[in-house]
Amino acid sequence: MATYNEVQNKANRTFERTLSYDLYTDPKVLEQEMNDVFAKSWQLVGHVSQLEKPGQFFTTDVAGEPIIVTRGMDEVIRAFYNVCPHRATKLEKNESGQKKILQCGYHGWTFRLNGELNKAPNFTGEDAHCVSDRCLRSVRMEILESLIFVNLDDNAKTLQETYGDFFDRLSKFPFLGELKRINQKTRVIKANWKAFIDNYLECDHCHVAHPSFVATLDMKNYQIVTCQNYSVQGSMIKPDKTMGTTDLNEAEMQGGEFYWLWPNLMVTIYPGPANMATIQMIPIDHENTLAVYTYYFRDENLTQEEKDLVTFAEQVRQEDVDLVELEQIGFRSRAFNQGVYSQSEKAIVQFHEMVLEALGR
Ligand code: FES
Ligand SMILES: [Fe+2]
């Protein structure tokens, strides 16, 4: 992986040509990305509000691997491969729940929420000693600003080292610690995962495609800043627009910030009521992507202004989905095999440089 300065210098140059379009249409590229991008980067898997009580757990997939995240009876949150050490069966089938013991459905081995083997019913004779150390295999996990990340790469840098001052920037939103994960929506997008990231990383299209967005934000002062393995964009809300609220304090006024974190996570904080949303682009295959939108507010009973904010965000996203699905059609065409960048698209340049670096091209 390139150093921060190397990436920064490259991002500051104006590149004429984008990634070639075969990187959006070739199944072999996605295969390599699964190993060299998704299995080696920090992936958001959840929020501490999903694990408030001992024994609570949720399951997920990271780079095609089944993962379980638990809060043990000792209150500690841990992540494991959701795979039985006896003969590889996927251990917990439910998406979430609360249990004192996890039981494999094949031969009935049981495990404590801290990953230790509890009982192996088919190994109670002289063979018992040979399974006594067969615990669940743990996965690198870190929690910052209540967000739970895992990384399948045991040698990966820490979250803080990876994303520099990103978490310091978030700390200026004092309400983040009070938020709960309220709901999650998914949508299958008929496009390569990188197409949506490209779309998110520039706002040249905002005037054309997002009338409600440009009517609300001060686009003259819209900025895009590339940072260490992430970028941030946004602007002040226009003074006469209030996003459904009449009582914006200054911290909230400045809240229109849209972050991207390498490789596939976006974090948005809109002006108005305390809010955050995360967007993850999870490849289904090389031309289909599962978009996962998660909303975080103070309380699950949303106020009208919070509902308005979700409606606003959903509208903008649908506009983006329509665009990238049209783009994917063109990626497959023989008409062109590369695009060009404008001056204001340096965050895409940064993303593309990182993709090429990760793929060793
Ligand atoms: S595979 Fe899990 S108990 Fe046998
Ligand atoms: Fe957009």
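Residues numbered from 1 in each chain as written. Chains lettered and ligands numbered in written order. Predicted model: local features only at pLDDT ≥ 70, side-chain atom pairs only at ≥ 80, totals over all residues. Heavy atoms only, no water.

## Quick notes on the UniProt feature "domain: Rieske" (unreviewed entry) in the chain
- Cross-referencing UniProt, the feature "domain: Rieske" (unreviewed entry) maps to residues 42-150 in the present numbering.
- Span residues 42-150 is 0% helix and 41% strand, its end C-alpha atoms 6 Å apart. (UniProt positions renumbered as here; feature names shortened; annotations may be inferred. Helix = DSSP H or I, 4+ residues; strand = E, 2+ residues; numbered from the N terminus.)

## What about empty space enclosed by the protein?
- Tallied over the full model, the rule gives three cavities of 30 Å³ or more.
- Considered as a void within the structure, the largest cavity measures approximately 210 Å³ in volume.
- Considering the residues around the largest cavity, the lining is formed by 18 residues, among which Y200, F213, Y270, V316 and D320 are closest to the centre.
- Residue assignment for the lining of the largest cavity shows that the elements contributing at least two residues are α6 (193-200) and α10 (304-331).
- Here the residues of the lining of the largest cavity sort into 10 nonpolar, five polar and three charged. (1 Å grid on protein atoms, 1.4 Å probe; cavity = no way out; pocket = protein on both sides within 12 Å on 5 of 7 lines; lining within 4 Å. Points joined across faces, edges and corners; volume = space filled by probe spheres on them. Nonpolar A, V, L, I, M, F, W, Y, C, P; charged D, E, K, R; others polar.)

## As for the sheet that holds strand β4 (residues 77-81)
- With antiparallel pairing, four strands are arranged side by side in an open sheet as β4-β3-β2-β5. Of all strands in the sheet, those with a lone pairing partner are β4 and β5 (96-98), marking the two edges. When strand polarity is set aside, the average angle formed by the axes of neighbouring strands in this sheet is 25°.
- Relative to β5, strand β2 (residues 56-62) runs antiparallel, the two being bridged by three bridges. (Pairing = 2+ DSSP bridges. Axes fitted to C-alpha atoms, helices over the stretch in contact; angles between N-to-C directions.)

## A few points about the environment of G125
- Structurally, the position occupied by G125 is in the loop between β8 (117-119) and β9 (140-144).
- The spatial distance from the C-alpha of G125 to the C-alpha of P27 is 49 Å, given a sequence separation of 98 residues.

## Concerning the state of the cysteines
- Summed over the entire model, instances satisfying the criterion amount to one disulfide.
- Here C203 pairs with C206 through a disulfide, and the sulfurs are 1.8 Å apart. Across the S-S bond of C203 and C206 the torsion is about -105°, and the bridge reads as left-handed. For the pair C203 and C206, one class covers both residues: buried.
- C135 forms no disulfide, and the closest cysteine sulfur to it belongs to C84, at a distance of 12 Å.
- Free of any disulfide, C227 has its nearest neighbouring cysteine sulfur in C203, separated by 17 Å. (Disulfide = S-S within 2.5 Å. Buried < 20%, exposed > 50% of the residue type's maximum accessible area, 1.4 Å probe, protein only.)

## A closer look at the sheet that holds strand β7 (residues 110-112)
- One open sheet holds the three strands; their spatial order is β6-β7-β8, and the pairing between them is antiparallel. The sheet is open, and its two edges are formed by β6 (101-103) and β8, each paired on a single side. Strand-to-strand twist of the sheet, defined as the mean angle between neighbouring strand axes without regard to direction, takes the value 35°.
- Both β6 and β7 contribute to a ladder of three bridges, which runs antiparallel. Its bridge partner being in β7, L102 is matched across the sheet by F111.

## Quick word on the pattern of salt bridges
- Enumeration according to the criterion identifies 12 salt bridges in this entry.
- When the shortest N-O distance is used, the salt bridge between R71 and E75 registers 3.6 Å.
- A relative accessible area of 13% means that R71 is categorised as buried.
- When its relative accessible area of 43% is taken as the criterion, E75 is described as partly exposed.
- In this structure, a network of salt bridges that share partners links the residues R187, E314 and R317. (Salt bridge = Lys/Arg side-chain N within 4 Å of Asp/Glu carboxyl O.)

## A look at unusual backbone geometry
- Cis peptide bonds are those with omega within 30 degrees of zero, and the linkage from W262 to P263 qualifies with 0°.
- With respect to the helices and strands, the residue P263 is situated in the loop between β14 (257-261) and β15 (265-269).
- Here E75, not a glycine, exhibits a phi torsion of approximately 75°, which is positive.
- Within the fold, E75 resides in the loop between β3 (65-71) and β4.

## A short note on the coordination of the iron ion (ligand 2)
- The iron ion (ligand 2) binds to the protein through H205 (NE2), H210 (NE2), D320 (OD) and D320 (OD); the donor distances cover 2.0 to 2.5 Å.
- Each of the four donor atoms around the iron ion (ligand 2) contributes to a set of angles spanning 56 to 149°, which defines the coordination as irregular.
- Read N to C, the donor residues that coordinate the iron ion (ligand 2) are spaced as H-x4-H-x109-D. The same class applies to H205 and to H210, which are both buried. (Donors = N, O, S within 2.8 Å, 3.2 Å for Na, K, Ca; no water. Tetrahedral: all angles 85-135°; square planar, octahedral: opposite > 155°, others 65-115°.)

## A look at the packing of aromatic side chains
- This model, assessed by the stated rule, comprises 19 aromatic pairs.
- A centroid spacing of 6.5 Å and a plane angle of 75° characterise the contact between Y21 and Y24, whose relative ring orientation is edge-to-face. No difference in accessibility class separates Y21 from Y24, as the two residues are buried.
- For the ring pair W109 and F111, a centre distance of 6.4 Å and an interplane angle of 40° mean the geometry is tilted. With respect to class, W109 is no different from F111; both count as buried.
- Through a chain of ring-to-ring contacts, three or more aromatic side chains come together here, namely F38, W193, W260, W262 and F351.
- Lying across the ring of Y24, K194 places its NZ or CZ 5.0 Å from the centre. (Phe/Tyr/Trp six-rings, centres within 6.5 Å; stacked < 30°, edge-to-face > 60°. Lys NZ or Arg CZ within 6 Å of the ring centre and 35° of its normal.)

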